[in-house]
Amino acid sequence: MINKYLGDGFLAYWPDAATSPEEITTVISAFKELQRKQWPEFRFVVHFGAVAIGGVASMGEESLMGSEVNLIFRLEKLASSLGEPCCVSEAAHTKLGGLIATRPLGEFELKGFEAKCEFFAA
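The written sequence of each chain sets the order in which its residues are numbered from 1. Local features in this predicted model are restricted to residues of pLDDT 70 or higher, and side-chain atom pairs are both shown and tallied only at a pLDDT of 80 or more, whereas totals for entire chains, interfaces and linings draw on every residue. Computation of side-chain values covers all heavy atoms of the structure but excludes hydrogens and water.

1. Topic: the packing of aromatic side chains
Stage number 1. A pair of Phe, Tyr and Trp rings is counted when the ring centres sit within 6.5 Å of each other, with Trp represented by its six-membered ring. The angle between the planes then sorts it: under 30 degrees is stacked, over 60 is edge-to-face, the rest tilted. A full pass over the atoms with the stated rule returns four aromatic pairs.
Stage number 2. Geometrically, the ring pair formed by Phe 31 and Phe 42 is edge-to-face, given 6.0 Å between the ring centres and 75° between the ring planes. Here Phe 42 lies in the loop between helix H1 (21–37) and strand E3 (44–46) and Phe 31 lies in helix H1, a separation of eleven residues in the sequence.
Stage number 3. Relative accessibility thresholds used throughout: buried, under 20% of the residue-type maximum; exposed, over 50%; partly exposed, between the two (1.4 Å probe, protein chains only). What makes Phe 42 partly exposed here is its relative accessible area of 29%.
Stage number 4. Here the aromatic residues Phe 31, Phe 42 and Phe 44 are joined through ring pairs into a cluster of three or more. Secondary structure elements follow DSSP: runs of H or I no shorter than four residues count as helices, runs of E no shorter than two count as strands, and numbering proceeds from the N terminus.

Take a look at the structure:
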């Protein structure tokens, strides 16, 4: 589900109870195929975490909220600074298991978060 259009990007989410890891890997594979075509150029980051949904849905102002939303934006900026087109958080790496090939990028300190975050290229 697309939650917000953000300039030249968007924030999308999957309802956890309604989506299997296999379905998510299918979407990741489709995005990676689009990246191979190199038009338009884009990057994406996959993360799993609990969020709150608030706002007024009938007015089209429903928003995802919480620290996990802040984390995904920090991770997207990190992916950009590393020049990586597709990355997954430690939570996504764990949830997706061996369904997608990854390589570790290391642990990073992110503004506003106490613990270091492990990050993977996919």
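2. What about the pattern of salt bridges?
It is possible for side chains of opposite charge to pair when their charged atoms get near one another.
Stage number 1. By definition here, a salt bridge exists when the distance from a side-chain nitrogen of Lys or Arg to a carboxyl oxygen of Asp or Glu is within 4 Å. Tallied over the full model, the rule gives three salt bridges.
Stage number 2. Ionic pairing is found between Glu 33 and Arg 36, a salt bridge with its closest N-O pair at 3.1 Å. Remark: Arg 36 and Glu 33 occur in helix H1; sequence separation between them is three residues, near one turn of the helix.
Stage number 3. Here Glu 84 ties to Arg 103 by a salt bridge, and the two come within 3.0 Å at their closest N and O atoms. Note that Glu 84 is positioned in the loop between helix H2 (67–82) and strand E6 (86–89) and Arg 103 in strand E7 (residues 103–108), a separation of 19 residues in sequence.
Stage number 4. Judged by relative accessible area, which is 44%, Arg 103 ranks as partly exposed.

Just distances and angles here, no functional claims.
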